[in-house]
Amino acid sequence: MSEDFSPNELASYWMPYTSNRAFRRRPRMISGAEGIHYIASDGRRLLDATSGLYCVNAGHCHPSIVAAIKSAAETLDYAPVFQFAHPKAFELAGRLTLMAPDGLDHVFFANSGSEAVDTAMKIALAYHRARGEGQRTRFIGRERGYHGVGFGGMSVGGIPGNRKAFGALLPGVDHMRSTYNRDKQAFSVGEPEWGAELADDLERLITLHDASNIAAVIVEPVAGSTGCLPPPKGYLDRLAGIAAKHGALLIFDEVITGFGRMGHAFAAQRYGVTPDMITFAKGLTNGAVPMSGVLVRDAIHDGVMVGPEVMPELFHGYTYSAHPLGTAAALATLDVFRDEGLFERAGEMEQGFADIMMSLRDAPNVVDIRPVGLICGIDLAARSDGAALRGYEVMQAAFHDHDLYVRVSGDTLVIAPPLISDLKDVEVIADRLRSVLAQVA
Ligand SMILES: Cc1ncc(COP(=O)(O)O)c(C=O)c1O
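Please read these numbers as outputs of a predicted model, since none were measured by experiment.

> Where do I start with the overall build of the protein in this structure?
Each helix and strand in the protein was counted, giving 16 helices and 15 strands. Relative to the 2.2 N^0.38 estimate, which gives 22 Å for 441 residues, the radius of gyration of the protein is 22 Å and therefore close to what a compact globule would have. The C-alpha extent of the protein, read off along each of the three principal axes, is 65 × 55 × 45 Å. The proportion of buried residues among the 441 residues of the protein is 49%. Considering only contacts within the protein whose residues lie at least 6 apart along the sequence, 73% involve residues at least 24 apart.

Structure below.
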């Protein structure tokens with residue numbers, strides 16, 4: 001594909017979460033990928049500093065994942081999932097429950113993070129109803145949270161731009177404050193010392209709405225899309241204690257933090273806090289096939305397994321739940337994670353990654369850096385003529401002039417390299433970023 005596209009040729013595709021008009025004027029086209037690199041349509045090799053969208057943990061086009069998908073496409077292209085099943089769905093569910101914290105013994109499959117979140121919310125409602133507490137319909141999320149774009153996830157999410165155009169959203173949702181406070185936490189490596197007491201927002205909101213009405217509280221253990229906000233030390237523990245005390249289910253949205261990004265299968269294990277449900281997606285299939293799911297505690301699953309035996313217990317599911325290409329990709333991906341020791345590798349690299357990221361502290365316009373696990377948010381000062389303009393410039397300059405792909409959200413960059421990267425690769429990412437930041441200063 002050549003670099004020359006006329007804006008008209010690009011008009012049909014309405015791109016997601018994209019400034020479409022600006023894109024059409026100067027496209028950023030990617031036509032290939034290999035390992036830790038993207039290949040631009042003009043043949044340049046770009047370092048992938050954000051694992052695609054935090055999903056390609058094992059590196060692009062991993063041969064064994066590619067082979068598994070090919071073979072699945074030749075053997076069983078599609079199987080009906082309502083009242084029928086294929087064996088690999090059970091195999092995958094079993095493997096996932098073995099990797100998950102103890103007690104999360106059941107898996108419901110979906111296709112995207114958004115669907116996983118809405119699934120978890122529906123399971124919470126169905127569970128409470130099945131045990132005679134059908135009035136527990138309220139959800140509590142958190143400011144700056146991202147839980148996808150379904151009406152459930154959007155409602156519990158807390159990023160204003162994702163909500164403002166879409167009406168009243170789900171009723172009965174409230175939000176805790178974000179755990180981020182730049183005055184108290186700027187340039188913290190890992191989990192900040194300050195902020196555990198913000199978990200008490202949950203107690204306050206539960207008191208306000210009455211515990212008897214609360215279905216669940218949902219948080220990302222590390223808020224990802226908003227720009228990587230690690231939890232303050234002790235925060236998640238405190239949150240879990242408050243939720244349990246009031247019979248509210250605790251949902252960890254691990255769509256980004258799952259599958260090694262935090263040095264463990266799930267961030268729940270890093271923090272020693274077991275929620276009632278975990279939503280996951282992205283890294284599950286290394287991004288190669290859309291697939292997601294929800295890990296569910298035994299008691300919740302068992303609580304819903306009621307009613308006449310020939311009736312579905314939960315009227316919920318997707319045509320493509322446990323799709324054969326997804327299950328094949330996921331099983332192969334889990335093998336790669338195990339055989340290449342990628343979760344351990346992420347843990348071993350964490351300190352070096354943080355040191356390299358913190359070396360950008362003196363680059364122009366950097367106002368905060370937040371590394372944790374193998375993810376790091378870097379906040380830039382907004383330009384005086386408007387928010388997100390500097391971020392956009394950085395993304396453009398990185399792509400066009402410095403052979404670097406990096407995810408930018410507003411004026412925040414999020415670095416999350418594939419777990420197969422080494423510290424030399426991270427140095428190159430940092431060097432390129434330094435040049436980009438100097439260019440757009
Ligand atoms: C924590 C979290 N939840 C949900 C989602 C939504 O996932 P998807 O875009 O696959 O619907 C994302 C996506 O980034 C996410 O980070």
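> Can you walk me through the environment of Ala 196 in this structure?
Within the fold, Ala 196 resides in the loop between α8 (182-185) and α9 (200-209). Overall, the presence of 19 C-beta atoms within 10 Å leaves Ala 196 in the partly exposed class. C-alpha of Ala 196 to C-alpha of Leu 423: the two residues are 227 residues apart in sequence and 31 Å apart in space. Discounting residues that sit within four places of it in the chain, Ala 196 has contacts with Pro 232, Lys 233, Gly 234, Tyr 235 and Arg 238.

> Explain the site of the ligand here, please?
Among the 14 residues in the neighbourhood of the ligand, the closest are listed as Ser 112, Gly 113, Ser 114, Gly 148 and Val 255. Counting residues per element, the shell around the ligand draws most heavily on helix α5 (residues 113-130), which supplies three residues. Counted by class, the shell around the ligand contains five nonpolar, seven polar and two charged residues.

> Where do I start with the pairing of strand β8 (residues 249-253) in this structure?
Note on strand geometry: in a regular strand, side chains alternate between the two faces of the sheet. The buried fraction of β8 is high, at five of five residues. Residue alternation in β8 divides its side chains into two sets, Leu 249, Ile 251 and Asp 253 and Leu 250 and Phe 252, and both sets are buried. In terms of strand pairing, strand β7 (residues 214-219) meets β8 through four bridges, oriented parallel. Its bridge partner being in β8, Ala 216 is matched across the sheet by Leu 249. Regarding the hand of the β-α-β motif, the stretch spanning β7, helix α10 (residues 235-245) and β8 is right-handed.

> For this particular structure, what's the right way to read the packing of helix α3 (residues 63-75) against helix α13 (residues 324-339)?
The axes of two packed helices give the description: the angle between them and the distance between them. The geometry of α3 relative to α13 is characterised by a closest axis approach of 8 Å and an angle of 155 degrees between their N-to-C directions. What the angle tells us is that α3 and α13 run roughly antiparallel. The way α3 lies across α13 gives a crossing that is right-handed. Of the residues in α13, those in contact with Ser 64, Ile 65, Ala 68, Ile 69, Ser 71, Ala 72 and Ala 73 of α3 are Pro 324, Leu 325, Ala 328, Ala 329, Leu 331, Ala 332, Thr 333, Asp 335 and Val 336. Class assignment of the residues belonging to the contact of α3 with α13 gives a composition of 12 nonpolar, three polar and one charged.

> When you look at the environment of Leu 413 in this model, what are you seeing that I'm missing?
Along the polypeptide, Leu 413 turns up in strand β15 (residues 412-415). Since 28 C-beta atoms lie within 10 Å of it, Leu 413 is described here as buried. Taking the C-alpha atoms as reference points, Leu 413 and Arg 24, 389 residues apart in sequence, are found 22 Å from one another. Among residues more than four places away in sequence, those in contact with Leu 413 are Ile 378, Val 394, Val 406 and Val 408.

> I tried to follow α13 on my own but got confused; where do I start?
What sets the pattern is the α-helix's 3.6 residues per turn: residues three or four places apart point alike. For α13, with 16 residues, the first-to-last C-alpha span of 22 Å sits near the 22 Å given by 1.5 Å per residue. With 12 of 16 residues buried, α13 lies mostly within the body of the structure. Pro 324, Leu 325, Gly 326, Thr 327, Ala 328, Ala 329, Ala 330, Ala 332, Thr 333, Leu 334, Val 336 and Phe 337 are the residues of α13 that are buried. Looking at the packing, one finds that the buried side of α13 touches α3, α4 (87-99) and α14 (342-358).

> Explanation requested: the domain arrangement of the protein in the structure shown.
Reports often express the size of an interface as the amount of accessible area lost when the parts come together. Taken domain by domain, the protein consists of domain 1 (7-58 + 341-439) and domain 2 (66-339). Listed per partner, the contact involves 30 residues of domain 1 and 30 residues of domain 2. Where the side of domain 1 that touches domain 2 is concerned, the elements lending two or more residues are α2 (51-54), α14, β11 (366-372), β12 (375-380) and β15. No other element matches the seven residues that α14 contributes to the side of domain 1 that touches domain 2.

> Quick question: what am I supposed to make of the sheet that holds strand β4 (residues 104-110) here?
In a beta sheet, neighbouring strands pair by backbone hydrogen bonds and run either parallel or antiparallel. In spatial order, the strands read β4-β10-β9-β8-β7-β5-β6; together these seven strands make up an open sheet with mixed pairing. Of all strands in the sheet, those with a lone pairing partner are β4 and β6 (173-176), marking the two edges. Put simply, the sheet's adjacent strands are angled 20 degrees from each other on average, direction ignored. Contacts from α9 reach β5 (138-142), β6 and β7, with the element oriented near 155 degrees to β6.

> Explanation requested: α4 in the structure shown.
Helix length check: α4 (13 residues) gives 19 Å between terminal C-alpha atoms against 18 Å at 1.5 Å per residue, within 8%. The elements touched by buried residues of α4 are β4, β10 (292-297) and α13.

> Help me understand the sheet that holds strand β1 (residues 30-34) in this model?
Within the open sheet, the four strands sit side by side as β1-β2-β3-β13. Their pairing is mixed. What marks the edges here is a single partner per strand, and that holds for β1 and β13 (404-405).

> I would appreciate a short explanation of the pairing of strand β9 (residues 277-280) in the present structure.
By the alternation rule, side chains of β9 split into Met 277 and Thr 279 and Ile 278 and Phe 280, which are all buried. Judged from the three bridges that link them, β8 and β9 form a sheet pairing that is parallel. Bridge pairing in β9 places Ile 251 opposite Met 277. Sheet topology note: the β9/β10 ladder contains four bridges and is antiparallel. Paired with Phe 280 across the strands is Gly 293, a residue of β10.

> Just checking my understanding: could you explain the nonpolar core for this structure?
Side chains that are nonpolar tend, in soluble globular proteins, to be buried together. Core analysis: the biggest nonpolar cluster contains 127 residues, and Ile 123, Ala 216, Leu 239, Leu 295, Leu 404 and Ile 415 have the highest contact counts within it. Both domains that meet at this core, namely domain 1 (7-58 + 341-439) and domain 2 (66-339), each give it at least three residues. Residues within four places of Leu 404 in sequence aside, it is in contact with Leu 46, Leu 47, Ala 49, Ala 398, Ile 429, Arg 432, Leu 433 and Val 436.

Thresholds, definitions, all that
- Residues numbered from 1 in each chain as written.
- Predicted model: local features only at pLDDT ≥ 70, side-chain atom pairs only at ≥ 80, totals over all residues.
- Helix = DSSP H or I, 4+ residues; strand = E, 2+ residues; numbered from the N terminus.
- Rg over C-alpha atoms; globule rule 2.2 N^0.38 Å.
- Buried ≥ 20, exposed ≤ 12 C-beta atoms within 10 Å, placed from the backbone.
- Contact = placed C-beta atoms within 7 Å.
- Near = placed C-beta within 6 Å.
- Nonpolar A, V, L, I, M, F, W, Y, C, P; charged D, E, K, R; others polar.
- Pairing = 2+ DSSP bridges.
- Right-handed = clockwise from strand over helix to strand, strands pointing away.
- Axes fitted to C-alpha atoms, helices over the stretch in contact; angles between N-to-C directions.
- Parallel < 35°, antiparallel > 145°, perpendicular 65-115°, else oblique.
- Left-handed = near helix turned anticlockwise from the far one by under 90°.
- Expected span 1.5 Å × (residues − 1).
- Domains from an automatic or database assignment.
- Core = buried A, V, L, I, M, F, W, Y, C linked by C-beta atoms within 7 Å.

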